[in-house]
Amino acid sequence: MRDVAFNLPFFYGSISRCEADEYLRMGGMTDGLFLLRLCLRSLGGYVLSVVHDLKIYHYPIERQLNGTYAIAGGKSHCGPEELCEYYSRDADGLSCVLRKPCIRPAGVEPKPGAFDTIREHMLREYARQTWNLEGDTLEQAIISQAPQLQKLIATTAHEKMAWYHASIAREEAERRLYSGAQPDGKYLLRQRKEAGTYALSMLYGKTAYHYRIELDKSGKFSIPDGSKFDTLWQLVEYLKLKSDGVISVLREACNNPSQPADPVRPPTLPPNRQSVISLACNPDGYTPEPMGERRILPMDASSYVSPYSDPEDLKDKKLYLKRECLLIDEVELGSGNFGCVKKGVYKMRKQQIDVAIKVLKNDNEKSLKEELMKEAEFMQKLDNPYIVRMIGVCQAEHLMLVMEMASGGPLNKFLSSKKDQISVDNVVELLHQVSIGMRYLEENNFVHRDLAARNVLLVNQHYAKISDFGLSKAIGADDSYYKARTAGKWPVKWYAPECINFRKFSSKADVWSFGVTMWEAFTFGQKPYKKMKGPEVVTFIEQGGRLERPPECPDEMHELMQECWTYKCDDRPGFEQVESKMRNYYYQITQKPATV
Ligand code: AMP
């Protein structure tokens, strides 16, 4: 993933202050000449370097906790580009307004930082090893979790560096520094016994110096009285350029003999950031956000991978399940016109999994039975982490459809009952997951036809799955839509105009429903078009009316919602675009500096 400033022609990436000065000198040192570079100290921060009166001023731009950017004491801006634009109109505390961007010379790309070059590799390896994922599921894990993982990885990246020697004693550090050549500035980093503290050991004039590195309450690392850094590798990178509080700049890394050449170990959290991840959510799926701890990710849930991921179980997979493998609890999870949904356990070869069982109340009613079987046959074709998977069907005392359990219940109910505890960022996260699941359906030519917040079930507060495939259809290979023979009992308020007018159902029609689902989520579970009846809604839409913007809905999300409600289905975006927009926005709001 590229830096948000990557495409700005005056962005130089991870260059030092001296290099910035050099570029500005080459640019002519005119008043207001400026460039932007990455901050070497704070994660996600930048530095604005500006010429005034033949002097160069450097202003650090911090990425703040709410994801905005600001120069200390200045106004907040949504991105570095917007910040530069603002200061080109108003000096507002800077030495002068930004007048002329110092454009990168032809052929010069923004310089990647030490972390950039290993980030992609680490992200992939971390996802692969932590959750034991491969193939498409691995790609999805990377897409949906990159922001959280990047933060986690950034704060643990030092473990992968050749200069990191883990927890060795001071004497051993000296032995390693003195072995072989002993140039000034030879260095290594080690963990101290005292939890959360590290030491920098270095040689100068053939003498070993040791500096304690402390982690303060705000999660910043520093050598006492030195500059503060978000991560240990940034501290090292900085000290390579400037001897800030130590005897000399760092020059040659003393390599850890036990550090693998191609490091693939998943990083572990430093002691004070380490947390025990409780997967046991409350039954209603709500677990209060633990401050400063790694929060639950979808992959932590056992239902992230298919229950049939074990090849032995897959060999035995059949549509019909054996009754003796199914334990049915009396607890009812919900109900519908077909009957009720009960809690249960399904015994597989090596594991027992929690399941939800849709029990048909009246087996004699042929149409209901047929409907349930159609739903089962449809669900059997699907396998995606963001879609409730079906385990199989069981014909015993009743006809039963056995599915993965999503114990958090429907999204609309969850949000309306937890309104004060759930952040807008959390809502975006869940909607992004729904868009990944819908993109999967679109790619495989399936239409859902009943996408709504009531049909998005939660595994936990940070993990949503699409459910209820009672109305879903596969689209023929040569068609782009499914045409319903007759209009039925339809969720009209979620339907696009072409569904009502021409009974035409495509993924684009599901996109319309996704827009309504977004609206439900950003209103924390309100009912859309509350005061209107179905036919009134149809007229309202035909006349150009649309649901109003929910008060807490971010601009970007409201824009996307409106795009989903584009009248002509050909002009409406598909899920490929919707997911990509959701992802970009989700990344934007979640890429905040790592804090404790
Ligand atoms: P449905 O008719 O499929 O919408 O199911 C009715 C209700 O049963 C839902 O609103 C949920 O509360 C519950 N339910 C359905 N499927 C599941 C599931 N896989 N896990 C947990 N609860 C479920």
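Before reading on, note that the structure itself is shown above.
Described below are features of the structure shown in this document. (Residues numbered from 1 in each chain as written. Predicted model: local features only at pLDDT ≥ 70, side-chain atom pairs only at ≥ 80, totals over all residues. Heavy atoms only, no water.)

Even without glycine at this site, Asp92 takes up a positive phi of about 35°. With respect to the secondary-structure elements, Asp92 resides in the loop between α2 (80-89) and β5 (100-101). A relative accessible area of 35% means that Asp92 is categorised as partly exposed. Even without being glycine, Asp225 reaches a positive phi, approximately 70°. (Helix = DSSP H or I, 4+ residues; strand = E, 2+ residues; numbered from the N terminus. Buried < 20%, exposed > 50% of the residue type's maximum accessible area, 1.4 Å probe, protein only.)

Attention now moves to the site of the ligand. Taken together, 16 residues lie around the ligand, and Phe338, Lys358, Glu404, Ala406 and Asp468 are the ones closest in. Between the ligand and the protein, one listed contact pairs an oxygen atom with a side-chain N or O atom of Lys358 at 2.9 Å. A distance of 2.9 Å separates a nitrogen atom of the ligand from a polar atom in the backbone of Ala406. Taking 470 Å² as the accessible area of the ligand by itself, protein coverage stands at 89%. Mapped by element, the contributors of at least two residues to the shell around the ligand are β10 (326-336), β12 (352-360) and β14 (399-404). It is β10 that contributes the most residues to the shell around the ligand, three residues altogether. The residue makeup of the shell around the ligand, split by class, is 10 nonpolar, three polar and three charged. (Near = heavy atom within 4 Å. Polar contact = N/O pair within 3.5 Å; in protein donor to acceptor, adjacent residues only side chain to side chain. Areas by Shrake-Rupley, 256 points an atom, 1.4 Å probe, with all protein chains shown as cover. Nonpolar A, V, L, I, M, F, W, Y, C, P; charged D, E, K, R; others polar.)

Looking at chain direction, strand β7 (residues 198-204) and strand β8 (residues 207-215) are connected through seven bridges and run antiparallel. Across the sheet, Met202 pairs through a bridge with Tyr209, a residue of β8. The turn joining β7 and β8, which pair antiparallel and follow one another in sequence, is formed by two residues; a positive phi near 55° is taken by Gly205. The sheet contact formed by β8 and strand β9 (residues 221-222) spans two bridges and is antiparallel. Bridge pairing in β9 links Leu215 to Phe221. The antiparallel hairpin formed by β8 and β9 contains five residues in its connecting segment, where Gly219 sits at a positive phi of about 85°. (Pairing = 2+ DSSP bridges.)

Further remarks concern the pairing of strand β17 (residues 456-460). Of all five residues that make up β17, four are buried, and the element is covered over most of its length. Taking the residues that link successive antiparallel strands as the turn, the β17-strand β18 (residues 463-466) hairpin has two residues.

Quick look at the packing of helix α10 (residues 424-443) against helix α15 (residues 575-590) now. At a minimum axis separation of 9 Å, α10 and α15 run at an interaxial angle of 155°. Classified by the angle between their axes, α10 and α15 sit roughly antiparallel to one another. Crossing angle aside, the handedness with which α10 passes α15 is left-handed. For the pair formed by α10 and α15, the contact residues are Asp425, Val428, Glu429, Leu431, His432, Ser435, Ile436, Met438, Arg439 and Glu442 on the first element and Phe575, Glu576, Val578, Glu579, Met582, Arg583, Tyr585, Tyr586 and Ile589 on the second. Tallied by class, the residues present in the contact of α10 with α15 amount to 10 nonpolar, two polar and seven charged. (Axes fitted to C-alpha atoms, helices over the stretch in contact; angles between N-to-C directions. Parallel < 35°, antiparallel > 145°, perpendicular 65-115°, else oblique. Left-handed = near helix turned anticlockwise from the far one by under 90°. Contact = heavy atoms within 4.5 Å.)

Bringing the environment of Arg124 into the picture now. Topologically, Arg124 is positioned in helix α3 (residues 116-131). Counting along the chain gives 22 residues from Arg124 to Ala146, while the straight-line C-alpha distance between them is 9.4 Å. The contact partners of Arg124, leaving out residues within four places of it in the chain, are Leu138, Glu139 and Ile142.

Attention shifts here to the sheet that holds β8. In spatial order, the strands read β6-β7-β8-β9; together these four strands make up an open sheet with antiparallel pairing. What marks the edges here is a single partner per strand, and that holds for β6 (187-191) and β9. Across the sheet, helix α5 (residues 170-178) touches β6, β7 and β8, and the angle it forms with β6 is around 160°. Seen against the sheet, helix α6 (residues 232-241) touches β6, β7, β8 and β9 and runs at an angle of roughly 160° to β6.

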